[in-house]
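Coordinate analysis (summary)
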Amino acid sequence: MGNTDTKLNFRKAVIQLTTKTQPVEANDDAFWNQFWSETVNSIQDVFTLIPAAEIRALREESPSNLATLCYKAVEKLTSAVDSSCASQRDQQIVLNCVCLLTRILPYIFEDPDWRGFFWSTLPGQDDISEGSPPLAQSLINTLCDLLFCPDFTVQSNRKAGPDNPEEVHSLDSCEYIWEKGVGFASSPAHNFQYDKNRADILKLLLTCFSETMYLPPVPEAHSTPNPWIRYFTSTENR
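My aim in this report is to walk through the structure given alongside it, one point at a time.

**So, the pattern of salt bridges**
According to the stated counting rule, one finds 10 salt bridges in the structure shown. The salt bridge involving Asp45 is made with Lys7; its shortest N-O contact spans 3.6 Å. Placement of the pair is Asp45 in helix 3 (residues 43-49) and Lys7 in helix 1 (residues 4-19), with a sequence separation of 38 residues. Salt-bridge contacts for Arg59 lead to Asp111; the nearest nitrogen and oxygen are separated by 3.4 Å. A residue pair is termed long-range when its members are at least 10 positions apart, and Arg59 in helix 4 (residues 52-61) and Asp111 in the loop between helix 6 (88-109) and helix 7 (135-146) qualify at 52 residues. Given a relative accessible area of 9%, Arg59 falls into the buried group. A relative accessible area of 11% places Asp111 in the buried class. Among the charged side chains, a salt-bridge network with shared partners connects Arg56, Arg59, Glu60, Glu110 and Asp111.

What follows is the structure, encoded as structure tokens:
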């Protein structure tokens, strides 16, 4: 949020969300788009404009609105990947959603009743139906794709252009490297914006992996692997 007006608009949206006593419909795009349509220049702005006390109040007093906010943010990220994150607008929406989830997730993890939330399925999907991944898996898959997204986090190997973007889902990440290593003698040219975008996505991944930090310090709470890390390192995650 580069200026006072955009910060004020974002802050107003947060206040609207935290003071609503009735659930906001998931299809009310005019309301939800306020959280990712503004220009975000730093994650510090998001942390400042969404106080911890208000996130906890939202969790306790309007749980359905917090749930919808998380669902909608992941949905926006997935949609951006599906469109190859080709436009400047898509890229800005991705960064806004990433910063928003980085801010919110710790308050999901600190509450025992909410820890399983991201391992539920998307609204409208049958929990037992085949092919309906938990929200956490959709988020991890999307973030992994975004880390090797041409013209967003890596340099494109061909001139695709906004009208002919490369399909992120089908990319071989070995062709889009960050640094030299086995099989690659030289590093690609550094791009400050790519580095910044990677850093923001990695911050969210690390936040996802931090769930263990919020468990009570008793052996029973640490007897099973961290589900986020387990899925990230599994063969299911390409």
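**Some remarks on the side chain of Asn65**
Its place among the elements puts Asn65 in helix 5 (residues 63-82). Since its relative accessible area comes to 0%, Asn65 is described here as buried. Once you skip the residues sitting within four places of it in the chain, Asn65 turns out to touch Leu17, Lys20, Gln22, Pro23, Val24, Trp32 and Leu58.

**As for helix 4**
In an α-helix, one full turn covers 3.6 residues, which means residues spaced three or four apart are oriented alike. Every buried residue of helix 4 is accounted for by Glu54, Ile55, Leu58 and Arg59. All buried residues of helix 4 lie within an arc of 140° about the axis, which places them on one face of the element. The outward face of helix 4, more than 90 degrees from its buried face, is lined by the exposed residues Ala53 and Glu61.

**Let's talk about helix 5**
Helix length check: helix 5, at 20 residues, gives a terminal C-alpha distance of 29 Å against a target of 28 Å (1.5 Å per residue), a fit within 8%. Where helix 5 terminates, the next one or two residues include Ser84, which has phi positive at roughly 65°.

**Side note on the packing of aromatic side chains**
On inspection of all chains with the given rule, the structure shows 13 aromatic pairs. Plain terms: the ring middles of Phe118 and Trp228 are 5.7 Å apart, the flat faces sit at 55° to each other, and that makes the pair tilted. Taken together, the residues span a long stretch of sequence, with Phe118 in the loop between helix 6 and helix 7 and Trp228 in helix 9 (residues 227-232) at a distance of 110 residues. The buried category is assigned to Phe118, whose relative accessible area is 1%. Linked through ring pairs, Tyr71, Phe109, Trp114, Phe117, Phe118, Trp119, Tyr214 and Trp228 together constitute an aromatic cluster.

**A closer look at the packing of helix 6 against helix 8 (residues 192-209)**
Where helix 6 meets helix 8, the axes come as close as 9 Å, and the angle between the chain directions of the two elements is 20°. In terms of their interaxial angle, helix 6 and helix 8 are classed as roughly parallel. For the pair helix 6 and helix 8, the sense of crossing is left-handed. On helix 8, the residues touching Leu95, Val98, Cys99, Leu101, Thr102, Leu105, Pro106 and Phe109 of helix 6 are Asn197, Asp200, Ile201, Lys203, Leu204, Thr207 and Cys208.

Rules and cut-offs
- Residues numbered from 1 in each chain as written.
- Predicted model: local features only at pLDDT ≥ 70, side-chain atom pairs only at ≥ 80, totals over all residues.
- Heavy atoms only, no water.
- Salt bridge = Lys/Arg side-chain N within 4 Å of Asp/Glu carboxyl O.
- Helix = DSSP H or I, 4+ residues; strand = E, 2+ residues; numbered from the N terminus.
- Buried < 20%, exposed > 50% of the residue type's maximum accessible area, 1.4 Å probe, protein only.
- Contact = heavy atoms within 4.5 Å.
- Arc of directions from axis to C-beta.
- Expected span 1.5 Å × (residues − 1).
- Phe/Tyr/Trp six-rings, centres within 6.5 Å; stacked < 30°, edge-to-face > 60°.
- Axes fitted to C-alpha atoms, helices over the stretch in contact; angles between N-to-C directions.
- Parallel < 35°, antiparallel > 145°, perpendicular 65-115°, else oblique.
- Left-handed = near helix turned anticlockwise from the far one by under 90°.

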